[in-house]
Amino acid sequence: MADWLDVWSILGKEQGLELDMLEPVRMTVGGVKDPQKLSNLIPVMWVSSGLMDQGELEIHKQFFLGNLFKEPLVFYPSDYMPNAGLRDTLKYLAQMVRDANERGVESLAKQVLALFTAASMHEYEDSYFRGFKGESDEAEKKIEEWLAEHQPFRFAWHRRSRTLGPNQSFLESMDFYEVLGTERPASIKELCQVIISGHRRVLDQYQLVIPSFQYEFRDEFESDLLDWWEDLQAREEKAAVQRQAIRDARAAKEQLHHERLEQKRRALLSPEKRNQEFPPLSWQNTSNERLQELLFEAPMTELAVRFSVSEAAIRKRVKSAGLSVPPRGHWLKKD
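Residues numbered from 1 in each chain as written. Predicted model: local features only at pLDDT ≥ 70, side-chain atom pairs only at ≥ 80, totals over all residues. Heavy atoms only, no water.

Novice: Looking at this structure, I do not really get the sheet that holds strand β2 (residues 45-48). What am I missing?
Specialist: Strands in a sheet are paired, the pairing made by backbone hydrogen bonds, and the direction either parallel or antiparallel. If you trace the three strands from one edge of the open sheet to the other, you get β1-β3-β2, paired in mixed fashion. At either end of the open sheet lies a strand with only one pairing partner, and these are β1 (25-29) and β2. For this sheet the average axis-to-axis angle between neighbouring strands, irrespective of direction, equals 50°. Most of the contacts of helix α4 (residues 56-65) go to β1, to which it runs at about 60°, and overall it touches β1 and β2. Packing against the sheet, helix α9 (residues 188-205) makes contact with β2 and β3 (206-213), and its axis sits at approximately 50° to β3. (Pairing = 2+ DSSP bridges. Helix = DSSP H or I, 4+ residues; strand = E, 2+ residues; numbered from the N terminus. Axes fitted to C-alpha atoms, helices over the stretch in contact; angles between N-to-C directions. Contact = heavy atoms within 4.5 Å.)

Here it is, written out as structure tokens:
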């Protein structure tokens, strides 16, 4: 069996996979308050291929909307890496980037291939098709020899990578079915084809990005980003007003329902109990000052019963005397 890189390159071309497709994309991200701190926190990250296809402007927008950017010019990540496995994976990728920067290495594609391959081999050895392992010894040995020469660190950390890497495995049963139409490889070549199929699947969904952060917005994005942010804030404010209107309408509906239930309850009381619970009041002899106090002691429906007048009469007097009434929902909250 030839060198793993040669095998990978030959079989990869059959599946439309070239080594330079593993090279991380370098991207400048502006609008960051503390670029150095952010560069130390996130020297490398996974970005979905769908988002990459939309262009860097859209990626900037998603940074502002997601856990990365809480607001313009203010960034301190909290939930960027959702699990310990992903943090470990990105930690090793980050070390690859730092080492490459220190040594002046231009390409990381081979080291990324080493990471993909080590993950695939761990998953194969851990879970898949043990009956073929004897026949696959030669391929595994050659791949391990290549990894020993090219990996920038030991891959013993790598466990099932559906909880690592870009949140999925580098080798899954679908890769066997997609390439072979069966779940069992019959030759070393087929095993290698399946491993490469897993790499192809990951790259179809994710791209490694090495960000370079800066305080200033990039000139070509600044106007569009600021206009987009202002429009977003305006839409959020409008949505907040609509949500408050819905809450107010719901509170008013509940208050009306409560008042109607109270009216029905009072209607069932005997005259003696009604007078005992709601002592009658004299409409003519009650001063405006006392009426103002009563308005905050009992609902207007109750005062109407005690004054033996309509609510409309009370509202008319309140308006003419310039009295204040409790805000909407007051009695509902009090109850």
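Novice: What exactly am I supposed to notice about the packing of helix α13 (residues 300-307) against helix α14 (residues 311-321) here?
Specialist: To characterise two packed helices, one gives the angle between the axes of the helices and the distance between these axes. Interhelical geometry of α13 versus α14 gives an angle of 105° and a closest axis separation of 9 Å. As summarised for this structure, α13 and α14 are arranged roughly perpendicular, according to the angle between their axes. Note on element contacts: α14 touches α13 through E311, I314 and R315, opposite M300, T301, L303, A304 and F307. Here the residues of the contact of α13 with α14 are counted per class, giving five nonpolar, one polar and two charged. (Parallel < 35°, antiparallel > 145°, perpendicular 65-115°, else oblique. Nonpolar A, V, L, I, M, F, W, Y, C, P; charged D, E, K, R; others polar.)

Novice: What is the right way to read the layout of surface pockets from this model?
Specialist: Rolling a probe over the atoms, with the probe sized like a water molecule, indicates the empty space that remains. Empty space within the second largest pocket amounts to approximately 340 Å³. Contributing elements (two or more residues each) for the lining of the second largest pocket: α10 (219-267), α13 and α14. With four residues, α10 is the largest single contributor of residues to the lining of the second largest pocket. Residue classes in the lining of the second largest pocket are distributed as ten nonpolar, two polar and four charged. (1 Å grid on protein atoms, 1.4 Å probe; cavity = no way out; pocket = protein on both sides within 12 Å on 5 of 7 lines; lining within 4 Å. Points joined across faces, edges and corners; volume = space filled by probe spheres on them.)

Novice: Explanation requested: unusual backbone geometry in the structure shown.
Specialist: Among all residues except glycine, the phi angle is most often negative; among peptide bonds, the trans geometry is most common. The residue S308 is not glycine, and still its phi comes out positive at about 60°. Locating S308 in the fold gives a position in the loop between α13 and α14. Relative accessible area serves as the criterion here: at 66%, S308 is assigned to the exposed category. (Buried < 20%, exposed > 50% of the residue type's maximum accessible area, 1.4 Å probe, protein only.)

Novice: Where do I start with the packing of helix α12 (residues 288-295) against α13 in this structure?
Specialist: It is the contact of α12 with α13, at a shortest axis distance of 10 Å, that shows an interaxial angle of 135°. Judged by the angle between their axes, α12 and α13 are oblique. Residues L291, L294 and L295 of α12 touch α13, and the partners they reach there are M300, L303 and F307. Counted by class, the contact of α12 with α13 contains six nonpolar, no polar and no charged residues.

Novice: Help me understand the packing of aromatic side chains in this model?
Specialist: How two aromatic rings sit relative to each other is set out by the distance from centre to centre and by the angle between their planes. For the coordinates displayed, the defined rule picks out two aromatic pairs. Where W228 meets W229, the ring centres are 6.0 Å apart and the plane angle is 55°; that geometry is what we call tilted. By relative accessible area, which is 14% here, W228 ends up buried. Centre to centre, the rings of W283 and F307 are 5.0 Å apart; their planes meet at 75°, and the pair counts as edge-to-face. With W283 in the loop between α11 (271-277) and α12 and F307 in helix α13, this pair connects stretches of sequence that are 24 residues apart. In terms of burial, W283 and F307 fall into one category: buried. (Phe/Tyr/Trp six-rings, centres within 6.5 Å; stacked < 30°, edge-to-face > 60°.)

Novice: Explain the pattern of salt bridges here, please?
Specialist: Charged atoms that come close allow side chains of opposite charge to pair. Applying the stated criterion across every chain yields a total of eight salt bridges. Across the pair E172 and R201 runs a salt bridge whose closest N-O atoms are separated by 3.9 Å. One end of the pair, E172, is in the loop between α7 (137-150) and α8 (173-180); the other, R201, is in helix α9, and 29 residues separate them in sequence. By the burial criterion, E172 is buried, and R201 matches it. Residue E302 is joined to R306 by a salt bridge in which the shortest nitrogen-to-oxygen separation is 3.5 Å. (Salt bridge = Lys/Arg side-chain N within 4 Å of Asp/Glu carboxyl O.)

Novice: When you look at the nonpolar core in this model, what are you seeing that I'm missing?
Specialist: Nonpolar side chains in soluble globular proteins tend to be buried together. Of all hydrophobic cores here, the largest spans 41 residues; its most connected members are W4, L22 and F116. Secondary structure elements with two or more residues in this core: α1 (4-14), α5 (84-103), α6 (109-127), α7, α9 and β3. Looking at this core element by element, the count peaks at ten residues for α6. For W4, the residues in contact, after removing those within four places along its chain, are L113, T117, I143, W146, C192, I195 and I196. Of all hydrophobic cores here, the second largest spans 13 residues; its members include V29, I59, F63 and V209. (Core = buried A, V, L, I, M, F, W, Y, C linked by side-chain atoms within 4.5 Å.)

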